[in-house]
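Now for the letters of each chain:
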Amino acid sequence: ELTQAESDYKLLESICAEDGIVGFTANALMDAFVLKDNPAKGAEFAVIYAKHPSSKSDLAKPEELVQIIAIMIEGGQLAAAQGHIDILKQNKLDEALERKLAYLDGKRLVAEKKYPEAIARFEAYLQKFRKDTENFEDPFVLFELGSCFITKHAPKTPPAADLNSANTYLNQAVAMM
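Attention in this report is confined to the structure presented alongside it. (Residues numbered from 1 in each chain as written. Predicted model: local features only at pLDDT ≥ 70, side-chain atom pairs only at ≥ 80, totals over all residues. Heavy atoms only, no water.)

1. Remarks on the nonpolar core
To keep it simple, the criterion reads: What we call a nonpolar core is a set of buried Ala, Val, Leu, Ile, Met, Phe, Trp, Tyr and Cys residues that are connected through their side-chain atoms within 4.5 Å. Exposure classes here rest on a 1.4 Å probe applied to the protein chains alone. A residue is buried below 20% of its type maximum, exposed above 50%, and partly exposed in between. Contacts were defined at the residue level, with two residues in contact if any of their heavy atoms lie within 4.5 Å.
Of all hydrophobic cores here, the largest spans 48 residues; its most connected members are Ile69 and Phe122. Those residues within four positions of Ile69 in sequence are excluded, and the remaining contacts are Ala81, His84, Ile85, Leu88, Leu101 and Leu104.

Structure, rendered in structure tokens:
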């Protein structure tokens, strides 16, 4: 049971906080909570793992860090996610990671209810990455973008121009899925 595992983790951390097994266990619990559909707990352990000294070699790999950022955003650990996004933005990333990071940064802004900034971020993504080929993130970006045009007005009805924008982006997302 995860409740027992979490309790055991706290005991382990109190005994040997800096030991690698503590970081490994935090990582395992992060994955377990995500798999058990508890993103908040998964994100809590993602933050713990990311702070642990034993995670440094894993998080030096941008691909690994992007996965941790995604878990943090999904579970509401937005400030921690922002800090890691800022770190990654300082690095030279391949286009696939740059796309994923741009998408995640937009999702972070949505989670913070900063809809105008999220719209700008998603539109910048489309300008930069949506050329002649489709990318894995494209339908998700289009869905989030379309949703932002509606959600930014909630609980009121969006104006016609925003409804049209939402309709355009959401239809494109559905067509790609």
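Past the structure itself, the notes keep going.
2. With respect to the pattern of salt bridges
Heads up, the condition is: Just to be clear on terms, a salt bridge is a Lys or Arg side-chain nitrogen sitting within 4 Å of an Asp or Glu carboxyl oxygen. Under the DSSP-based scheme used, a helix requires at least four consecutive residues in state H or I and a strand at least two consecutive residues in state E, with every element numbered from the N terminus.
Per the counting criterion, the structure on display carries 15 salt bridges. Salt-bridge contacts for Glu112 lead to Arg108; the nearest nitrogen and oxygen are separated by 2.9 Å. For Arg108, a relative accessible area of 6% gives the class buried. One salt bridge in this structure joins Asp162 and Lys152, with 3.4 Å as the shortest N-O distance. Of this pair, Asp162 sits in helix H10 (residues 160-176) while Lys152 sits in the loop between helix H9 (138-151) and H10; the two residues are ten residues apart in sequence, bridging distant segments of the chain. Each of Lys89, Asp105, Arg108, Glu112, Lys114 and Arg121 takes part in a single network of salt bridges with overlapping partners.

3. Some details on the packing of aromatic side chains
The cut-off we apply is this: Centres within 6.5 Å are what make two rings of Phe, Tyr or Trp a pair, Trp counting through its six-membered ring; a difference in plane orientation under 30 degrees is then read as stacked, over 60 as edge-to-face, and the rest as tilted.
The final tally for this structure, using the stated rule, is seven aromatic pairs. Look at Tyr9 and Phe45: their rings are 5.3 Å apart centre to centre, the planes differ by 85 degrees, and that puts the pair in the edge-to-face class. A residue pair is termed long-range when its members are at least 10 positions apart, and Tyr9 in helix H1 (residues 2-16) and Phe45 in helix H3 (residues 39-51) qualify at 36 residues. Exposure class is identical for Tyr9 and Phe45. Each is buried. Where Phe149 meets Tyr169, the ring centres are 5.9 Å apart and the plane angle is 15 degrees; that geometry is what we call stacked.

4. Quick look at H10
Going by this rule: Expected helix span is computed as 1.5 Å times (number of residues minus one). Here the arc refers to the directions that run from the helix axis out to each C-beta atom.
Look at H10: 24 Å from first C-alpha to last across 17 residues, which is about the 24 Å you get at 1.5 Å a residue. Every buried residue belonging to H10 is among Asp162, Ala166, Tyr169, Ala173 and Met176, and all of these are buried. Taken down its axis, H10 places every buried residue within 100 degrees of arc, on the same side. Counted as exposed and oriented over 90 degrees from the buried face of H10: Ala160, Asn164, Val174 and Ala175. Considering only its buried residues, H10 is in contact with helix H8 (115-129) and H9.

5. Remarks on the packing of helix H5 (residues 62-74) against helix H7 (residues 95-111)
What counts is decided by this rule: Axis definition: a line fit to C-alpha positions, over the contact stretch in the case of helices; interaxial angles, taken between N-to-C directions, run 0 to 180 degrees. Any angle between 65 and 115 degrees counts as roughly perpendicular, while under 35 counts as roughly parallel, over 145 as roughly antiparallel, and the rest as oblique. Crossings are assigned a handedness: left-handed for a near helix turned anticlockwise from the far helix by less than a right angle, right-handed for a clockwise turn. Under the grouping applied here, Gly and all other residues not named as nonpolar or charged are polar, the nonpolar ones being Ala, Val, Leu, Ile, Met, Phe, Trp, Tyr, Cys and Pro and the charged ones Asp, Glu, Lys and Arg.
Across the interface, H5 lies against H7 with an axial gap of 10 Å and an inter-helix angle of 15 degrees. In terms of axis orientation, H5 runs roughly parallel to H7. The chirality of how H5 crosses H7 is left-handed. In this structure, H5 uses Pro62, Glu63, Val66, Gln67, Ile69, Ala70, Ile73 and Glu74 to contact H7, whose residues at the interface are Leu97, Lys100, Leu101, Leu104, Lys107 and Arg108. Along the lines of polarity and charge, the residues of the contact of H5 with H7 split into eight nonpolar, one polar and five charged.

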